[in-house]
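The chain contents come next:
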Amino acid sequence: MSIYELLGVLALTGYAVYQQTRRHQVVARTRFTLALIYGVAGVISGGLHLPPTGLAVTFLVISLLLSLIVGQVRGRLTRLWVEDGRIWSQGTTLTVSLFLALIASKFVLGTVAYFAHVSENGGIGEVLLMLAVMMAIQAQLIHRRAQRLAAQQPAGGIAGVTR
């Protein structure tokens, strides 16, 4: 990994942590914005390469499963509340910790795969794409939770959650 890739990952991680720790309105049409940013950065940084061996496929599947599981957990544990006729969300210490742990696990998996000569194709692009998957799952779960919360409110009282 080059110094530029490392700086890029640090910048994206810092931005994502900032976004998670501030309160923000849940808006249906923009829910996948952060996932798209990570996905585009992942493609630009090298994307996803087809695994050359069965063991490399196993590593990729483990990485994907980790992203799906953490996305599910984060989507369920992110705080949601109604205030001033809008639904707001904010990450917790646990959800931010899970995000950082997922990033660390991706680097550990990649390092193990590299030194075990499982695959030399994985890289920062793959890590960013897997994080984009996690963010998309989380965003959709938060959106669904927000829809249920909006349905519990008096008629016409919630903005931005439809679709």
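Refer to the structure printed above.
Residues numbered from 1 in each chain as written. Predicted model: local features only at pLDDT ≥ 70, side-chain atom pairs only at ≥ 80, totals over all residues. Heavy atoms only, no water.

Undergrad: Break down the overall build of the protein chain for me, citing the residues and quoting the values.
TA: Within the protein chain, the secondary structure is distributed over 5 helices and 3 strands. In terms of overall dimensions, the protein chain has C-alpha extents of about 60 × 30 × 25 Å along its principal axes. Put simply, the protein chain has 163 residues, and 37% of those count as buried. Residue pairs in contact within the protein chain that sit at least 24 positions apart in sequence constitute 81% of those at least 6 positions apart. Only carbon and sulfur atoms are counted for the fraction: they give 65% of the accessible area of the protein chain, which is about 9100 Å². (Helix = DSSP H or I, 4+ residues; strand = E, 2+ residues; numbered from the N terminus. Buried < 20%, exposed > 50% of the residue type's maximum accessible area, 1.4 Å probe, protein only. Contact = heavy atoms within 4.5 Å. Areas by Shrake-Rupley, 256 points an atom, 1.4 Å probe, with all protein chains shown as cover.)

Undergrad: Mind laying out the sheet that holds strand β3 (residues 86-90), listing which residues take part and the relevant values?
TA: Pairing in this open sheet of 3 strands is antiparallel, and the strands run β1-β3-β2 from one edge to the other. The open sheet terminates on both sides in strands that have one partner only, identified here as β1 (24-25) and β2 (79-83). Relative to β2, helix α5 (residues 124-151) is tilted by about 35°, and along the sheet it contacts β2 and β3. (Pairing = 2+ DSSP bridges. Axes fitted to C-alpha atoms, helices over the stretch in contact; angles between N-to-C directions.)

Undergrad: Which residues make up the side chain of S63, and what values do they have?
TA: Structurally, S63 is set in helix α3 (residues 54-77). The residues contacting S63, other than those within four sequence positions of it, are K106, L109 and M130.

Undergrad: Explain the packing of aromatic side chains residue by residue, including any values.
TA: Enumeration over the complete set of coordinates arrives at 1 aromatic pair. Each ring, one from Y114 and one from F115, has its centre 5.3 Å from the other, and the planes form 80°; the classification is edge-to-face. For the cation-ring pair, R23 lies above W88, with the distance from its terminal atom to the ring centre recorded as 4.1 Å. (Phe/Tyr/Trp six-rings, centres within 6.5 Å; stacked < 30°, edge-to-face > 60°. Lys NZ or Arg CZ within 6 Å of the ring centre and 35° of its normal.)

Undergrad: Account for unusual backbone geometry, naming residues and giving values.
TA: Of note, the phi angle at D84 is positive, near 55°, even though the residue is not glycine. As for its position among the elements, D84 is in the loop between β2 and β3.

Undergrad: Tell me about the nonpolar core, and name the residues and values.
TA: Y38, F99, L128, L131, M134 and M135 are the most contacted members of the largest nonpolar core, which totals 17 residues. Listed by contribution, the elements that provide at least two residues to this core are α1 (3-21), α2 (33-44), α4 (93-115) and α5. Take this core: its biggest share by element is 7 residues, from α5. Each residue touching Y38, except ones within four places of it in the same chain, is listed here: L12, T13, A16, F99, L128, L131, A132 and M135. Of all hydrophobic cores here, the second largest spans 7 residues; its members include V26, L80, I87 and A150. (Core = buried A, V, L, I, M, F, W, Y, C linked by side-chain atoms within 4.5 Å.)

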